[in-house]
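This is what each chain is made of:
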Amino acid sequence: MDKKQELRNEILKNLEKNSRIDLGELAVLLGVEEAEVANEVTEMEQEKIICGYHTMINWDKTGAEQVTALIEVRVTPQRNQGFDRIAERIYNYPEVNAVYLISGGYDLLVTLEGKTLKEVSLFVSEKLSPIDSVISTATHFILKKYKDHGTIMLPKKGSDRMAVTP
Amino acid sequence: MRNPLSKKIVQVEPSGIRRFFDVANEMEDVISLGVGEPDFDTPWRIREEGIFSLERGRTFYTSNAGLMELRKEICKYLERKIHVSYNPKTETLITVGGSEAIDLALRCMLDAGDEVLIPQPSYVSYLPCTVMADGVPVIVELKHENEFKLTVEDLEPLVSEKTKVLVMPFPNNPTGSIMTQEDLEPIAEFVKAHDLYVLSDEIYSELSYKGKHVSIASLQGMRDRTIVINGFSKGFAMTGWRLGYCCGPHLILEQMIKLHQFAIMCAPTNSQYAAVEGLRHCEDEVEEMRKAYNQRRRFLLHEFARMGLECFEPFGAFYVFPSIQEFGMTSEEFATRLLYEEKVAVVPGTAFGDCGEGFLRISYAYSLEDLKEALGRLGRFIQKLRNEK
């Protein structure tokens, strides 16, 4: 791996964990000049390697009414367009959070956010299932998020280490 | 009643700063930079393997020298890392931490009156272990101007007919200093010229930030003069599992295994099974930890520079060793005041030998958030001291 790529990887790994990190501080951590880090970040934004800066939120703690569902979707791929066209029809709905093409027992995995179970069910029965190429759907509601985006949602326990050891 | 105690044991001095340690460990709300162990949990796959070994009922002794499976993995690992080959059957011993291996090695090599060259500042156990093995410790003071590396000039005036063993504590606790191939070569020549043996404590070998760690055992003619001591505590974040190992020539290892058999039987069985998993599958996790330490190391040095706190750049372990000589107080005074006035615990350099006077050991086995908070307090404290002057 060349030096530029290595630096980029290190920047990305740090940003992925903390998108709010100060670029000057990141430069110190990586042992390079701040301008170099800033340039790479700008370039990677332009190249759409960095697609956005999101925030991990534990909505459960806000008291907001929200349910998340994982929906397995089996579809018939369309001539010349494979799965892309049908995926597009699904991902354009704003309440759809993610759409993945999946290997195995079904084709698309859709994650969806809604206020209530009913709202999600209605979306599935009124929007998703009626799409011509959709053969079947199976909806799973998320009951509890233990870990998301590499972050364990439970509060971290205190350390058992002694304060001073040789 | 007769005195139940051995004179030899009573004469071994307890660590002079134990009092400081006790105070720091009992104080509440202390932000500590004083710990000599990783802040990372042991990688999960290692822990899971430890749990699985218990579920499988692997609760019996292993052979005295340790699980053959683990010894083989260790030999492969050393071949890969330091390019030295050992026979897992006759030249490898699994111990209860690296510290057991230090004790065994010295006891197996020393007769009464044999001298041991011990570079300081260094880990606290070489000296008492030498004394308990009836050896005579000869302290080699490492110098700040050499960035606490060992040089032949340091050794030359101290070697005698009686010198038998040289301790090589690199990467070094507490200074973070490392020895490169170029630094080691003259030392190896010195060792051969004086027909010495080397106890090379490489427990921090995974934590080298400037090129790969080089073992003195890999230098020409040194393999059969060196006992390499290493373990899982630092690189694999496994301090509490108590698992170390040593490799060296059969002649010495045979005696060490014998002693270990009588004193210990064998290292903890489930720790051994867990460690096999670590050596086979955790290279990436170890690398990630190394990178995290390196980032913190750079951060600390950058902050010291901003505060105007003098510190050479160390490239190993997870310690920095800044000088506090400008403040005109002892390391222990400084550390004690810092503890009481700002509730930050650091270790006075003198915990690791008299020549650590004027320095502090600051550990970066802490999250960046903790380091930032602690350095904020340290900066404030230093400012206060400068204003007092």
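That block above? That's the structure.
A.B. asks: Give me the overall build of chain A: which residues, what numbers.
C.D. replies: When you go through chain A residue by residue, the secondary structure sums to 5 helices and 6 strands. Over its C-alpha trace chain A gives a radius of gyration of 21 Å, far above what one expects of a compact globule, namely 15 Å for 166 residues. For chain A, the C-alpha atoms occupy an extent of roughly 65 × 45 × 30 Å along the three principal directions. Within chain A, contacts between residues separated by at least 24 positions form 53% of all contacts whose residues are at least 6 apart in sequence.

A.B. asks: Kindly report on the packing of helix α5 (residues 97-109) of chain B against helix α9 (residues 250-263) of chain B, identifying the contributing residues and their values.
C.D. replies: Residues and elements named next belong to chain B. Packing of α5 against α9 leaves a shortest axis separation of 9 Å and a crossing angle of 115°. Classified by chirality, the crossing of α9 by α5 is right-handed. Judged by residue contacts, Leu104, Ala105, Arg107, Cys108 and Met109 of α5 engage Ile252, Gln255, Met256, Leu259 and His260 from α9. Each residue belonging to the contact of α5 with α9 can be placed in one class, and the counts come to 7 nonpolar, 2 polar and 1 charged.

A.B. asks: Tell me about the pairing of strand β4 (residues 136-141) of chain B, and please be specific about residues and values.
C.D. replies: As judged from the 6 bridges shared by strand β3 (residues 115-120) of chain B and β4 of chain B, these two strands associate in the parallel manner. Residue pairing for β4 of chain B: leucine 117 of chain B is matched across the bridge by valine 138 of chain B.

A.B. asks: Account for helix α12 (residues 331-342) of chain B, with residues named and values stated.
C.D. replies: Taking 1.5 Å per residue as the helical rise, α12 of chain B with its 12 residues ought to reach 16 Å, and the 16 Å between its terminal C-alpha atoms agrees with that figure. Just past α12 of chain B, the residue lysine 343 of chain B takes up positive phi, approximately 55°.

A.B. asks: Lay out the sheet that holds strand β1 (residues 67-75) of chain A with the relevant residues and their values.
C.D. replies: Residue and element names in this part refer to chain A. Within the open sheet, the 4 strands sit side by side as β2-β3-β1-β4. Their pairing is antiparallel. If you trace the sheet from one side to the other, it starts and ends with β2 (96-101) and β4 (134-141), each paired once. On average, each strand axis in the sheet is tilted by 20° relative to the strand beside it, whichever way the strands run.

A.B. asks: So what about unusual backbone geometry? Which residues, and what values?
C.D. replies: The omega angle of the peptide bond from phenylalanine 170 of chain B to proline 171 of chain B is -10°, so this bond is cis rather than trans. When you line up the elements, proline 171 of chain B lands in the loop between β5 (163-168) and α8 (181-193). The linkage connecting asparagine 173 of chain B with the following residue, proline 174 of chain B, adopts the cis geometry, with an omega of 20°. Residue histidine 149 of chain A is not a glycine yet carries a positive backbone phi of 50°. Relative to the helices and strands, histidine 149 of chain A is located in the loop between β5 (147-148) and β6 (151-152). Accessibility expressed as a C-beta count within 10 Å gives 9 for histidine 149 of chain A, which makes it exposed. We note that aspartate 195 of chain B has phi near 55°; this positive angle belongs to a residue other than glycine. Structurally, aspartate 195 of chain B is set in the loop between α8 and β6 (197-201).

A.B. asks: Residues and numbers for the sheet that holds strand β7 (residues 226-231) of chain B, please.
C.D. replies: All names here are of chain B. If you trace the 7 strands from one edge of the open sheet to the other, you get β2-β8-β7-β6-β5-β3-β4, paired in mixed fashion. Because the sheet does not close on itself, it has two edges, and the strands there are β2 (92-95) and β4. Put simply, the sheet's adjacent strands are angled 20° from each other on average, direction ignored.

A.B. asks: Let's hear about the nonpolar core: which residues, and what values?
C.D. replies: Of all hydrophobic cores here, the largest spans 118 residues; its most connected members are Ala105, Leu199 and Cys246 of chain B. The element best represented in this core is α5 of chain B, accounting for 6 residues. Looking at this core, you find at least three residues from each of domain 1 (7-42 + 284-382) and domain 2 (57-281) of chain B. Leaving out residues up to four positions away in the same chain, cysteine 246 of chain B has contacts with Leu93, Thr95, Ala101, Ala105, Ile227, Val228, Ile229 and Met256 of chain B. With 14 residues, the next largest nonpolar core counts Val73, Val99, Leu108 and Leu112 of chain A among its residues.

A.B. asks: So, the environment of phenylalanine 262 of chain B: which residues are in play, and what are the values?
C.D. replies: Inspection of the secondary structure assignment puts phenylalanine 262 of chain B in helix α9. In this structure the C-alpha to C-alpha distance between phenylalanine 262 of chain B and arginine 361 of chain B, which are 99 residues apart in sequence, comes to 36 Å.

A.B. asks: Tell me about the interface of chain A and chain B, and name the residues and values.
C.D. replies: With 10 residues of chain A at the contact, the number on the chain B side is 18 residues. The residue inventory of the side of chain A that touches chain B, partitioned by class, reads 7 nonpolar, 2 polar and 1 charged.

Here is what the cut-offs are and how they apply
- Residues numbered from 1 in each chain as written.
- Chains lettered and ligands numbered in written order.
- Predicted model: local features only at pLDDT ≥ 70, side-chain atom pairs only at ≥ 80, totals over all residues.
- Helix = DSSP H or I, 4+ residues; strand = E, 2+ residues; numbered from the N terminus.
- Rg over C-alpha atoms; globule rule 2.2 N^0.38 Å.
- Contact = placed C-beta atoms within 7 Å.
- Axes fitted to C-alpha atoms, helices over the stretch in contact; angles between N-to-C directions.
- Left-handed = near helix turned anticlockwise from the far one by under 90°.
- Nonpolar A, V, L, I, M, F, W, Y, C, P; charged D, E, K, R; others polar.
- Pairing = 2+ DSSP bridges.
- Expected span 1.5 Å × (residues − 1).
- Buried ≥ 20, exposed ≤ 12 C-beta atoms within 10 Å, placed from the backbone.
- Core = buried A, V, L, I, M, F, W, Y, C linked by C-beta atoms within 7 Å.
- Domains from an automatic or database assignment.

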